[in-house]
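# Working through the structure, step by step
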There are 2 protein chains.
Amino acid sequence: MLLLRAVTGRRLPLPLPRRAWSRTGAARFAAGSPGPGGTGRAAPVLAALLGLGAVLAYGERRRRTAQAAQAPRYPRYTREEVGRHRSPQDRVWVTHGTDVFDVTDFVELHPGGADKILLAAGGALEPFWALYAVHSQPHVLELLREYKVGELSPEEAPPAAAATGDPFTGDPPRHPGLRVNSQKPFNAEPPAELLAERFLTPNELFFTRNHLPVPAVDPGSYRLRVEGPGGRALSLSLPELRSRFPKHEVTATLQCAGNRRAEMSQVRPVKGLPWDIGAISTARWGGARLRDVLLHAGFEEQREGEWHVCFEGLDADAGGAPYGASIPYGRAVSPAADVLLAYEMNGEELPRDHGFPVRVVVPGVVGARSVKWLRRVAVSPAESPSHWQQNDYKGFSPCVDWDTVDYKTAPAIQELPVQSAITHPRPGAAVPAGELTVKGYAWSGGGRPVVRVDVSLDGGRTWRVARLAGEQPPPERAWAWVLWELRAPVAAGAELEIVCKAVDGSYNVQPDSHAPIWNLRGVLSNAWHRVRVSVRD
Amino acid sequence: MLLLRAVTGRRLPLPLPRRAWSRTGAARFAAGSPGPGGTGRAAPVLAALLGLGAVLAYGERRRRTAQAAQAPRYPRYTREEVGRHRSPQDRVWVTHGTDVFDVTDFVELHPGGADKILLAAGGALEPFWALYAVHSQPHVLELLREYKVGELSPEEAPPAAAATGDPFTGDPPRHPGLRVNSQKPFNAEPPAELLAERFLTPNELFFTRNHLPVPAVDPGSYRLRVEGPGGRALSLSLPELRSRFPKHEVTATLQCAGNRRAEMSQVRPVKGLPWDIGAISTARWGGARLRDVLLHAGFEEQREGEWHVCFEGLDADAGGAPYGASIPYGRAVSPAADVLLAYEMNGEELPRDHGFPVRVVVPGVVGARSVKWLRRVAVSPAESPSHWQQNDYKGFSPCVDWDTVDYKTAPAIQELPVQSAITHPRPGAAVPAGELTVKGYAWSGGGRPVVRVDVSLDGGRTWRVARLAGEQPPPERAWAWVLWELRAPVAAGAELEIVCKAVDGSYNVQPDSHAPIWNLRGVLSNAWHRVRVSVRD
């Protein structure tokens, strides 16, 4: 198991208890109470965490807050208003439950470092606390309470898209901690340093790859159309999907084909969103098996010849054309492939950004085939006619440019190649001398497990083997990433080029460099990940 | 389809008819007759093939041979005696059927070039003629007949191993054209330049990887033991295996984990046979499906938990320990995995070097699991206890050496990573200016098709896309290699570094270089293949 590092910036050698992460992490923390001995335990723990100076400052703050707390009513703020407070200059606000806190004065006292607390600035604390289990102690909530400055207004309904003329007006609120690559459509990734802190990514921080506005779906009137053989069709309501088919749960990583495009575009410009290393996340998905639904609709286990299962989303462009994609029939009906029509994500209903109320989840396959806001499933001798199946999400040779590209010559990406990245430290960091901990993720497509991660501190000249964490997957169903860690001594003054590369169960490896896999759309960017850092005294 | 190049050295623009290769190529050629107009057609065709000077020399030779042919009886030679004639100094002898020919004087007249005919020196012509369809014309046999100098002695039985004290005494005769990496046990590969001439490798030239002496098996008393559930066991004779189970045919490439080890050992020495690029070959295999045999023995389609199907060969070491290996149960029973208990290879019974009378063929998986001379099949919760499953055929990090290696830390190789190599031109060649044809093979494990091969002529700086040949495989059952070809203009005086790299259906690619995938056993050597040549005037 990967040990959570309790404190980042200050590296206190403090053994902190680790707790299993709850599937309803946000709810758990929101419902937290000080518990027996709550405040009583806070002072010594904080003394250890913060050192004496910090505790004195905390005591002073506590006295002032105690006076302010006598005011019985707090002002109300919208999430948008809270979201404007993301730096010490603008004050640093966060929310927890429906409470609003101004933690500006605590930022420098934060045991995990000012940089980490600022990742949550302007938004909810819960997804970050889910990542760092140290917060799930009563004294932490106690401490926070004293910074309260307001409460959240009840959510206002967003203005209708038609009224504003902007089709994205109806998009849901998002956590301001996400690193946004495009607002409309919304495309964002979790901060890289948080990615590998937790095996399951909190829903609020799960990378979001939208191609179109988020549809507003009324769950009561929602119907999923499944076109069966011979012109028959099923029309399934949400309760029917939930009750007629056994609920199946799968822990699976989704990755966008464009993950790490920013690195590839440093070779030569490419067309596409500049994803860093965070277009990848992992969740526990729950839903009906696509296989069960297809068999229920009248399809057989096997069909002679070439067949594809095509999906359409409720998201559509200005002309009404929906997002669409397809997967081979064999994968759709294989009991070993675990393809879901998912209505749950980490034990909660699907968030709107992730396909509420129903999305496809195709484990081991490029995220683009896991169609969100699913409205229609059909079986066809041809792949989906969608733009995103036919003329996007394909790989080409470095010699192919926009004048010569012929999308018919390359297969639609399905399984992705082996991938890994370093999440800590970050590029350009000055790390302390002594023992350096390098952390990251690794994953491969098609259910192939990651069997080894090699890490180099000298640009790839010499290698060490990282320690792998994560669940032990069933053979050939390794749908989820592994998190890995390497500890190594580093000397003050050294300049390190940290490199990682993973090996999967078929002994496929990542290529050394990006130039030879460069392609005009910047997809499939899986060369060794390199991070340069310096070691300070 | 890849067009066979009719003439190599002289590049005459002669359109020659292409004939489908017969599965019983040797028999076809042995039975060949001049046919209608045989000798009559020879002269003009030869004139075109050889040019006038060659025809004059041929005419002179023909007169002399006509006189010699009046002698009714030829001397008898053993295969071993023929095998000593492999160079112009020792005379160049070849066989066809049971006839022995001294073709020394024809070597320089050979339209395909002296280098090509010398590949066959000392052995049978048939496998080479199977590669070069141009020979399947009556005049070729007619021409050959005039070089006859003897006939093969009836095969003598090899001395018994016990009598000589050498357990390899009973090994079968081999074609002298094979490039031998080890005589005892016998390990040999076809000459690299022949590899990609034919989609199916002739049996005589198929790479041979033996770990132990070749067992002498009496097909009449042969029994295959299949241990069923609950202590029951099947004992199948060869006729029973052939008659009780449907014959299933699969075209599959086998590759040794050590293919291209010689390149990896240039980084640092490794332990293992110095295979060049030829530890890979392709055949059409015929036999019973392992799945059918296992189900017949009482096993189910699925078993809860982890199970393995273990194989033992009749080949054994001095202590009696047999060669052994295993594959996961799921692959063994999957109808899509096409695992065979093969008794046919390219339409003929299995040659002794390839497992006569029965071998396993596991498509998409390292050759080491395709156990030859199969004697026993058993299902076990653990992998085969064999040395070759437990303590060999595994991949390690470059940082692992013989002092630190722990075989338990790495999974046994099953599916192999994506691979490709250049078969023409050969390293160090001086190629003519004008249009250069680069040829090679590409393959990936697990049934993943090769979707693209990139070729560079400048060491990997710029790339072109090769043309792929070969059969169109069913989805996810691409068990056979693809042959590829690139034609490009090259200028006199240029020094080329030709590089190839393949992309498979999961968009996995080959790594750029060998050093980062170096491992102490030199397996899984699949970095870009590089061939340096110069362009002559």
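Worth saying up front: this structure is predicted, and the values here are computed from it rather than measured. (Residues numbered from 1 in each chain as written. Chains lettered and ligands numbered in written order. Predicted model: local features only at pLDDT ≥ 70, side-chain atom pairs only at ≥ 80, totals over all residues. Heavy atoms only, no water.)

## Details of the overall build of chain A
- A count of helical and extended segments in chain A gives 13 helices and 27 strands.
- Here the contacts in chain A between residues at least 6 apart in sequence split such that 73% fall between residues at least 24 apart.
- Carbon and sulfur atoms make up 54% of the accessible area of chain A, which amounts to about 21300 Å² in all. (Helix = DSSP H or I, 4+ residues; strand = E, 2+ residues; numbered from the N terminus. Contact = heavy atoms within 4.5 Å. Areas by Shrake-Rupley, 256 points an atom, 1.4 Å probe, with all protein chains shown as cover.)

## Details of the interface of chain A and chain B
- Facing the 38 residues of chain A at the interface are 38 residues of chain B.
- Summing both sides of the interface, chain A and chain B together bury roughly 2800 Å²; the carbon and sulfur share of this comes to 54%.
- Scanning the region where chain A abuts chain B turns up 18 residue pairs in polar contact (both at pLDDT 80 or more).
- When contributions to the side of chain A that touches chain B are tallied by element, the ones reaching two or more residues are β22 (450-456), β23 (464-465) and β26 (495-504) of chain A.
- Take the side of chain A that touches chain B: its biggest share by element is 3 residues, from β22(A).
- Taken together, the residues of the side of chain A that touches chain B sort by class into 20 nonpolar, 8 polar and 10 charged. (Buried area = accessible area lost by both parts, 1.4 Å probe. Polar contact = N/O pair within 3.5 Å; in protein donor to acceptor, adjacent residues only side chain to side chain. Nonpolar A, V, L, I, M, F, W, Y, C, P; charged D, E, K, R; others polar.)

## Observations regarding unusual backbone geometry
- Between F356(A) and P357(A) the backbone carries a cis peptide bond, its omega angle lying at 10°.
- Secondary-structure assignment places P357(A) in the loop between β16 (348-349) and β17 (359-361).
- Backbone geometry at N346(A) places phi at a positive 50°, although glycine is not the residue there.
- Relative to the helices and strands, N346(A) resides in the loop between β15 (340-345) and β16.
- A positive phi angle, close to 60°, is found at L524(B), a residue other than glycine.
- One can find L524(B) in the loop between β26 (495-504) and β27 (529-536).

## Regarding the sheet that holds strand β7 (residues 187-189) of chain B
Residue and element names in this part refer to chain B.
- With antiparallel pairing, the 3 strands of this open sheet are ordered in space as β6-β7-β8. Each of the sheet's edge strands pairs with one partner strand only, and the pair in question is β6 (179-182) and β8 (208-209).
- As judged from the 2 bridges shared by β7 and β8, these two strands associate in the antiparallel manner. Within β8, the position partnered with N187 by the bridge is R209. (Pairing = 2+ DSSP bridges.)

## Some points on the domain arrangement of chain A
- Domain parsing of chain A yields domain 1 (76-152), domain 2 (179-391) and domain 3 (418-535).
- Placing the centre of domain 1 of chain A and that of domain 3 of chain A at their C-alpha centroids yields a distance of 31 Å. (Domains from an automatic or database assignment.)

## Describing the packing of aromatic side chains
Residue and element names in this part refer to chain A.
- All told, the structure shown has 20 aromatic pairs over all chains when counted by the stated rule.
- Pairing F206 with W285 gives two aromatic rings, centres 5.6 Å apart and planes at 80°, and the pair type is edge-to-face. Taken together, the residues F206 in the loop between α8 (192-195) and β8 (208-209) and W285 in strand β12 (residues 280-289) connect sequence positions 79 residues apart. The pair F206 / W285 is uniform in exposure class, with both members buried. (Phe/Tyr/Trp six-rings, centres within 6.5 Å; stacked < 30°, edge-to-face > 60°. Buried < 20%, exposed > 50% of the residue type's maximum accessible area, 1.4 Å probe, protein only.)

## Considering the environment of P88(A)
Residues and elements named next belong to chain A.
- Structurally, the position occupied by P88 is in the loop between β2 (86-87) and β3 (91-96).
- Judged by relative accessible area, which is 40%, P88 ranks as partly exposed.
- Measuring from C-alpha to C-alpha, the distance between P88 and D105 comes to 8.5 Å, with 17 residues separating the pair along the chain.

## Some points on the relation of the copies chain A and chain B
- Rotating chain A by 180° and moving it 0.0 Å along the rotation axis overlays it on chain B with an RMSD of 0.1 Å. In the structure described here, the two chain copies are related by an operation that fits a two-fold rotation axis. Among all residues of chain A, the minimum C-alpha distance to the rotation axis is found for P511(A), at 2.1 Å.
- The residues that chain A uses at the interface reappear at the interface of chain B in 97% of cases, marking a shared surface. (Least-squares fit on C-alpha atoms with pLDDT ≥ 70 in both.)

## Some thoughts on the UniProt feature "domain: Cytochrome b5 heme-binding" (unreviewed entry) in chain A
- UniProt marks residues 74-153 of chain A with the feature "domain: Cytochrome b5 heme-binding" (unreviewed entry), using the numbering shown here.
- Helix makes up 31% of residues 74-153 of chain A and strand 24%, with an end-to-end C-alpha separation of 11 Å. (UniProt positions renumbered as here; feature names shortened; annotations may be inferred.)

## What about the nonpolar core?
- If you look at the biggest cluster of nonpolar residues, it comprises 72 residues, and the most contacted ones within it are L241(B), L290(B), V309(B) and L374(B).
- Look past the residues within four positions of L374(B) in its chain and what remains in contact with it is Y222(B), L224(B), F311(B), E312(B), G313(B), L314(B), L341(B), V358(B), R359(B) and V360(B).
- Listed in part, the 71 residues of the second largest apolar core include A196(A), F199(A), V379(A) and V400(A). (Core = buried A, V, L, I, M, F, W, Y, C linked by side-chain atoms within 4.5 Å.)

## Details of helix α6 (residues 138-145) of chain A
- Most of α6(A) sits out of view: 6 of its 8 residues are buried.
- The set of residues buried in α6(A) consists of H139(A), V140(A), L141(A), E142(A), L143(A) and L144(A).

## A short note on the pattern of salt bridges
Residues and elements named next belong to chain A.
- Throughout the structure, instances matching the rule amount to 73 salt bridges over all chains.
- Linking R291 and E301 is a salt bridge whose minimum nitrogen-to-oxygen distance equals 2.7 Å. Remark: E301 occurs in the loop between α11 (290-296) and β13 (308-316) and R291 occurs in helix α11; sequence separation between them is 10 residues.
- Judged by its relative accessible area of 12%, R291 falls in the buried class.
- Residues R530 and E497 are paired through a salt bridge, measuring 2.8 Å at the closest nitrogen-oxygen approach. Of this pair, R530 sits in strand β27 (residues 529-536) while E497 sits in strand β26; the two residues are 33 residues apart in sequence, bridging distant segments of the chain. (Salt bridge = Lys/Arg side-chain N within 4 Å of Asp/Glu carboxyl O.)

## Structural notes on the pairing of β26(B)
Residue and element names in this part refer to chain B.
- In terms of residue burial, β26 counts as a mostly covered element, since 9 of its 10 residues are buried.
- The sheet contact formed by β26 and β27 spans 6 bridges and is antiparallel. Bridged to V499 within β27 is R530.

## Points about the confidence of the model for chain A
Residue and element names in this part refer to chain A.
- With 85% of its residues at a pLDDT of at least 70, chain A reaches an overall mean of 87.
- This stretch, residues 1-58, has a pLDDT under 50; its non-local contacts, to residues over four places away or in other chains, come to 100 contacts.
- Here the complex is predicted with pTM 0.83, and the ipTM for its interfaces comes to 0.82. (pLDDT = per-residue confidence, 0-100.)

## Describing the environment of D338(A)
Residues and elements named next belong to chain A.
- Position of D338 relative to the elements: it lies in the loop between α12 (329-333) and β15.
- With a relative accessible area of 5%, D338 lands in the buried category.
- D338 sits 48 residues away from L290 along the chain, and the two C-alpha atoms are 8.1 Å apart.
- In this structure the side chain of D338 is engaged in a polar contact, spanning 2.8 Å, whose partner is the side chain of W479.

## A closer look at the sheet that holds β26(B)
Residues and elements named next belong to chain B.
- Reading across the sheet, the 5 strands line up as β20-β27-β26-β22-β23 and stay open at both edges, with mixed pairing between neighbours. Taken across any chain shown, the strands that pair with only one partner, and hence form the sheet edges, are β20 (430-432) and β23 (464-465).
- Note: strand β22 (residues 450-456) against β26, 6 bridges, orientation antiparallel. From the neighbouring strand, V455 faces β26, where its bridge partner is C500.

## Focus on the pairing of β22(B)
Residue and element names in this part refer to chain B.
- With 6 of its 7 residues buried, β22 lies for the most part within the structure.
- Bridging between β22 and β23 involves 2 bridges; their strand directions are antiparallel. Bridge pairing links D454 to V465 in β23.

## Some remarks on the side chain of K372(B)
All names here are of chain B.
- Structurally, the position occupied by K372 is in the loop between β17 (359-361) and β18 (374-380).
- Buried within the structure, K372 lacks any salt-bridge partner; D353 is the closest side chain of opposite charge, at an N-O distance of 5.9 Å.
- Here the side chain of K372 touches N210 through a polar contact of 2.7 Å, side chain to side chain.
- At 2.9 Å, the side chain of K372 and the backbone oxygen of D353 are in polar contact.
- In this structure K372 touches T208, R209, N210, G313, L314, D315, D353, H354, G355, V358 and R359, once residues within four positions along its chain are discounted. (Lys, Arg positive; Asp, Glu negative; His and termini not counted.)

## A word on the environment of V94(B)
- Tracing the backbone through its elements, the reader meets V94(B) in strand β3 (residues 91-96).
- Taking C-alpha positions, V94(B) is 11 Å from F128(B), a pair spaced 34 residues apart along the chain.

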